[in-house]
Amino acid sequence: MAKKVVIVGGVAGGASVASRIRRLDEKAEIIMFERGSDVSFSNCSLPFFLSRIVPTTENLVLMNPKKFKNQYNIIAKTLHEVVDVDPVRKKVRVKNLASNEEFDESYDSLVLCPGASPIAPRSIEGVDKPHVFTVRNVGDISGLDSYIKEHNINNIAVIGGGFIGLEVAENLGLDKKNVTLIEKLNQVLAPLDYDMAQILHKELYDKGVHLILEDGIKKIEDNAVVLESGTVVEAGAVVLSLGVRPEVELAKKAGITLGETGGILVDHNYRTSVEDIYAVGDAIEVTHFLTNKKTRLTLAGPAQRQARAAADDMYGKQHRNTGVIGSSVVHCFDYNAACTGLNEKQCKASGINYDVAYVIPEDMVKIMPKVNPLFFKLIFETPSGKILGAQAVGKGNVDKRIDVIAAFIMLHGTLEDLKELELCYSPMFSTAKDVVNHAALVGLNILNGVYRQIPVTAVRELVENNAVIIDVREPHEFEGGYFINAKNIPLSQLRDRLDEIPKDKPVYLHCRSGQRSYNAVCALQGLGYKNVYNMMGSFLGVCAYEYFNDKTKDRKPIVTAYNFT
Ligand SMILES: Cc1cc2nc3c(=O)[nH]c(=O)nc-3n(C[C@H](O)[C@H](O)[C@H](O)COP(=O)(O)OP(=O)(O)OC[C@H]3O[C@@H](n4cnc5c(N)ncnc54)[C@H](O)[C@@H]3O)c2cc1C
C-alpha cells in the first residue's frame with residue numbers, strides 16, 4: 001500500500017520534505033497543509049519588496065498548489081491549519097480557514113515544519129495597533145507596504161537590529177523613508193562581535209538610518225514609540241523584529257518532548273519523541289557542531305538540509321548529522337557582512353581558549369577599479385590552531401571568504417591547513433594571497449608568539465593615556481588623519497630614527513591596515529626591542545571602530561580626522 005505522508009507547513013522545510021519524498025517514492029500520497037495563503041515563497045526575499053528590488057509580491061511566490069500538483073503530484077492546501085494531532089489514531093485535525101470547516105486526515109508519517117513566529121510581546125502597550133507590523137510572510141510585507149503608501153508614512157521605527165530588522169531598515173531606507181532602528185543590545189547583528197558590528201553602525205549612520213542602541217521599546221503610540229529611556233521617536237509605522245519563537249503548540253498537543261531551548265527535541269534523524277512524527281526547520285532544537293551544545297538556528301539552509309534528511313530516514317536512507325555552525329550573510333546598503341562558527345562572545349561563554357587574527361587587506365588587486373578594504377576576523381583555538389569562526393565585513397565578496405572558513409570548520413581545519421589552501425586568483429577577484437590565507441599567516445604568527453598585538457578596542461585608552469604610538473605610514477598619509485599624539489616615523493625611515501623610539505616603554509605600532517607595521521615590529525624586535533606591539537586593524541580598523549560612537553556620543557575623537565582610504 002502507498003505510504004501517506006502529511007506535512008504541516010508548506011514553506012522552506014515543508015516544501016523541501018514534500019519534494020524529496022516525491023523523488024524517493026513516486027507512489028507516496030503527500031499532503032501538505034499551510035495555514036497561510038502561499039506555499040513555497042521566498043521568506044528571505046520579503047524585505048526586498050519594500051525597495052522594489054523585488055518588484056512585485058508575485059515574484060516572492062516560487063510555487064503554488066497547482067504547480068505542486070502538476071509537477072510533483074503533491075497536494076498542497078493553503079489556508080488550512082492543522083489544529084490537533086492524535087498520535088495514537090495517527091490522525092491530524094485540520095481547519096479550512098476559508099470555510100471554517102474541520103476534518104480529520106490520517107497519516108503514516110507526519111512531518112512538523114511549522115517554523116517560528118515573530119515575537120510581539122503583549123507587555124508592550126500599543127502592540128496591537130494597526131500601524132504595528134511583523135514580517136514573516138507575503139501578506140505581512142504587502143500589508144506593511146500598503147499601509148505606508150496609503151497613509152503616506154515617512155517616519156518608520158524598526159525595533160530590533162537582527163537580520164530581519166536590518167534588512168527591513170535598509171530597504172525602507174532605500175525607499176527614502178526616515179528610518180529609526182532601535183536595538184536593546186549595544187550592537188546590531190548579535191552573531192558578529194562588537195568591533196565588526198561597529199562597521200555596520202557606521203554604514204547605517206552614513207546612509208541616514210537613525211540608529212539607537214541600548215534602548216528598548218516601552219510603548220507604541222499612534223504617531224510615536226516611547227523607549228525605556230523615555231526617548232520619544234516619531235513613527236507612523238512600527239516594524240517589530242524582536243526575534244522569533246518556535247511554533248511548538250501542535251507538538252505539545254501530540255505529547256512530543258521539547259528541548260532545553262524550547263524547540264522541538266529531535267534525534268539525529270529528525271524523529272521526535274513520538275513514533276512516526278518528524279520535525280524540521282525553525283521549530284526544532286539543534287546541536288552546535290563546535291560546542292556540542294543545544295541551540296536554535298533559524299536559517300533556510302539548515303531547514304532544507306534537515307528536510308531532506310528526515311525524508312531520507314523515512315525511506316531507510318542513512319545520513320550523517322553534523323549539527324550546525326550558523327553561517328549567515330546580510331546586505332546593509334553598500335556593505336555586506338557574513339559570519340560563521342563561533343564569535344569571541346561565544347568562545348568566552350563556552351570557556352574555549354582562543355585568539356584572533358584581524359586583517360584588513362584589499363579584496364582584489366589594488367589597481368582594480370572596484371577594489372575595497374575587507375575587514376576580516378579569524379578566530380582560532382589555542383594552542384591547537386583549530387579554526388573556530390570568522391567574520392567579514394566589506395563592500396565586496398565577503399560570503400566567498402566566509403564560505404571557505406565554514407568548509408574548514410566542518411573539516412576540522414587548522415591555521416596550517418588554511419595557510420596552504422590554494423584558491424583561484426585573478427586581479428578582478430582577489431589577491432594572490434587571499435584574505436583567508438593572509439589571516440592564517442597572521443594567526444600562525446600570533447599562535448607561535450612571533451609578535452604581540454593589541455585589539456582595536458584597546459586603542460582609545462592608549463591614546464588617552466599618551467602611550468607611545470608610532471605611525472609608520474608615509475607623511476602624506478599621516479597628514480590625512482592620525483592618532484592624537486602619535487609620532488610619524490615611516491617604515492622607510494625607521495632604521496635611521498631609532499633614537500626616537502624608546503626601549504624602556506611599550507611601543508605601539510600601526511600603519512594603514514597592519515602590514516607595514518608588522519614589518520616594523522619585526523625590525524624593532526630584531527634590533528633588541530622587547531616591548532613592541534602591532535595594532536590589529538591599524539588606522540583603518542580603529543577609524544571604523546570609533547567612528548559611530550564619536551559621531552553619536554558626546555566624546556572627544558582620538559583621531560585628528562577619519563581616513564578610510
Ligand atoms: C523576512 C525574513 C528574512 C529571512 N532571511 C533569511 C536569509 O537571508 N537567510 C536565511 O538563511 N534565512 C532567512 N530567513 C529565515 C528562513 O526563512 C527560515 O529559517 C526558514 O524559512 C525556516 O523554514 P521552516 O519551514 O522551518 O519555517 P517557515 O519557512 O516559516 O514555514 C513554516 C510555515 O508553517 C506554517 N504553519 C505553522 N503552523 C501551522 C499549522 N498548524 N498548520 C498549517 N501550517 C502551519 C506557517 O504559516 C509557515 O508558513 C528569513 C526569514 C524571514 C521571515
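As a reminder, the structure under discussion sits directly above these lines.
Conventions used here
- Residues numbered from 1 in each chain as written.
- Predicted model: local features only at pLDDT ≥ 70, side-chain atom pairs only at ≥ 80, totals over all residues.
- Heavy atoms only, no water.
- Helix = DSSP H or I, 4+ residues; strand = E, 2+ residues; numbered from the N terminus.
- Rg over C-alpha atoms; globule rule 2.2 N^0.38 Å.
- Buried < 20%, exposed > 50% of the residue type's maximum accessible area, 1.4 Å probe, protein only.
- Contact = heavy atoms within 4.5 Å.
- Areas by Shrake-Rupley, 256 points an atom, 1.4 Å probe, with all protein chains shown as cover.
- Salt bridge = Lys/Arg side-chain N within 4 Å of Asp/Glu carboxyl O.
- Pairing = 2+ DSSP bridges.
- Axes fitted to C-alpha atoms, helices over the stretch in contact; angles between N-to-C directions.
- Expected span 1.5 Å × (residues − 1).
- Near = heavy atom within 4 Å.
- Polar contact = N/O pair within 3.5 Å; in protein donor to acceptor, adjacent residues only side chain to side chain.
- Core = buried A, V, L, I, M, F, W, Y, C linked by side-chain atoms within 4.5 Å.
- Parallel < 35°, antiparallel > 145°, perpendicular 65-115°, else oblique.
- Left-handed = near helix turned anticlockwise from the far one by under 90°.

## Things to note about the overall build of the protein chain
Okay, step 1: A count of helical and extended segments in the protein chain gives 16 helices and 30 strands.
Okay, step 2: Expected size for 565 residues packed as a compact globule is a radius of gyration near 24 Å; at 27 Å, the protein chain falls within 12% of this value.
Okay, step 3: In terms of principal-axis extent, the alpha carbons of the protein chain reach across some 90 × 55 × 40 Å.
Okay, step 4: Within the protein chain, buried positions represent 54% of all 565 residues.
Okay, step 5: Long-range contacts, defined here as pairs at least 24 residues apart, represent 62% of the contacts in the protein chain between residues at least 6 apart.
Okay, step 6: Accessible surface computed for the protein chain: about 24800 Å², of which carbon and sulfur atoms make up 48%.

## Details of the pattern of salt bridges
Okay, step 1: Following the criterion strictly, the structure yields 36 salt bridges and no others.
Okay, step 2: Here glutamate 420 and lysine 419 are joined by a salt bridge, their closest N and O atoms 3.8 Å apart.
Okay, step 3: Residue classification places glutamate 420 among the exposed residues on the basis of a relative accessible area of 57%.
Okay, step 4: When salt bridges that share partners are traced, they join Arg460, Glu464, Glu546, Asp550 and Arg555 into one network.

## A short note on the environment of glutamate 221
Okay, step 1: Here glutamate 221 is to be found in the loop between strand E13 (217-220) and strand E14 (224-227).
Okay, step 2: Expressed as a C-alpha distance, the spacing of glutamate 221 and alanine 120, which sit 101 residues apart in the sequence, is 15 Å.
Okay, step 3: Apart from the residues lying within four places of it in its own chain, the contact partners of glutamate 221 are Lys129, His131 and Val226.

## Some details on the sheet that holds strand E1 (residues 4-8)
Okay, step 1: Spatially, 5 strands are ordered E3-E2-E1-E7-E18 in an open sheet, and the strand pairing comes out parallel. The open sheet has two edge strands, strand E3 (75-77) and strand E18 (277-279), and neither has a second partner. Taken pair by pair, the neighbouring strands of this sheet meet at an average axis angle of 15 degrees, ignoring direction.
Okay, step 2: As paired elements, strand E7 (residues 109-112) and E18 share 3 bridges and run parallel to each other. Bridge assignment links leucine 112 to a residue of E18, and that residue is alanine 279.

## Quick notes on the sheet that holds strand E4 (residues 80-86)
Okay, step 1: The strand order across the open sheet built from 3 strands is E4-E5-E6, with neighbouring strands paired in antiparallel fashion. Of all strands in the sheet, those bounded by a partner on one side alone are E4 and strand E6 (102-106). Here the average twist between neighbouring strands, direction ignored, is 30 degrees.
Okay, step 2: In the sheet, E4 pairs with strand E5 (residues 91-96) via 6 bridges, with the strands oriented antiparallel.

## Here's the deal with unusual backbone geometry
Okay, step 1: The step from threonine 382 to proline 383 runs through a cis peptide bond, and the omega angle for that step is 0 degrees.
Okay, step 2: One can find proline 383 in the loop between strand E24 (374-381) and strand E25 (387-394).
Okay, step 3: The backbone of glutamate 214 shows a phi angle near 55 degrees, a positive value even though the residue is not glycine.
Okay, step 4: Positionally, glutamate 214 belongs in the loop between strand E12 (210-213) and E13.
Okay, step 5: Its relative accessible area of 54% is what places glutamate 214 among the exposed residues.

## What to know about the environment of glutamate 461
Okay, step 1: Mapped onto the elements of the fold, glutamate 461 is located in helix H13 (residues 459-464).
Okay, step 2: A residue is classified by how much of its surface remains accessible, and glutamate 461, at 55% relative accessible area, is exposed.

## A word on helix H6 (residues 194-206)
Okay, step 1: For H6, built from 13 residues, the straight-helix expectation of 18 Å at 1.5 Å per residue is met to within 8% by its first-to-last C-alpha distance of 18 Å.
Okay, step 2: After H6 finishes, the residue glycine 208 shows a positive phi value of roughly 90 degrees.

## A closer look at the site of the ligand
Okay, step 1: Surrounding the ligand, one finds 28 residues, the nearest of these being Gly13, Glu34, Val82, Asp282 and Ala300.
Okay, step 2: Between an oxygen atom of the ligand and a main-chain N or O atom of alanine 12, the distance comes to 3.4 Å.
Okay, step 3: At 2.9 Å from a nitrogen atom of the ligand is found a main-chain nitrogen or oxygen belonging to valine 82.
Okay, step 4: For the ligand, whose free accessible area comes to 990 Å², the fraction covered by protein is 88%.

## Concerning the nonpolar core
When a protein is soluble and globular, its nonpolar side chains tend to lie buried together.
Okay, step 1: With 121 residues, the main nonpolar core has Leu200, Phe376, Leu378 and Phe483 as its most contacted residues.
Okay, step 2: Met63, Leu250, Ala254 and Ala309 belong to the second-largest nonpolar core, a separate cluster that totals 50 residues.

## Notes on the packing of H6 against helix H16 (residues 538-552)
Okay, step 1: Packing of H6 against H16 brings their axes to within 7 Å, and their N-to-C directions diverge by 50 degrees. Here H6 is positioned oblique relative to H16, judged by the angle of their axes. For the element pair H6 and H16, the recorded crossing hand is left-handed. Of the residues in H16, those touching H6 at Tyr194, Asp195, Gln198, Ile199, His201, Lys202, Tyr205 and Asp206 are Ala544, Tyr545, Tyr547, Phe548, Asn549, Lys551 and Thr552.

## Thoughts on helix H5 (residues 163-174)
Okay, step 1: Taking 1.5 Å per residue as the helical rise, H5 with its 12 residues ought to reach 16 Å, and the 16 Å between its terminal C-alpha atoms agrees with that figure.
Okay, step 2: Taken together, the buried positions of H5 are Gly165, Leu166, Glu167, Val168, Ala169, Glu170, Asn171 and Leu172.
Okay, step 3: Buried residues along H5 sit in contact with helix H4 (138-150), strand E10 (155-159), strand E11 (178-183), H6, strand E16 (237-240) and strand E21 (328-332).
Okay, step 4: Following H5 by one or two positions, lysine 176 has its phi on the positive side, about 65 degrees.

## Quick look at the pairing of E1
Okay, step 1: Extensive coverage of E1 is indicated by the burial of 5 of its 5 residues.
Okay, step 2: Residues Lys4, Val6 and Val8 line one face of E1 and the alternating positions Val5 and Ile7 line the opposite face, and both faces are buried.
Okay, step 3: Across 5 bridges, E1 lies against strand E2 (residues 29-33) in parallel orientation. From the neighbouring strand, isoleucine 7 faces E2, where its bridge partner is methionine 32.

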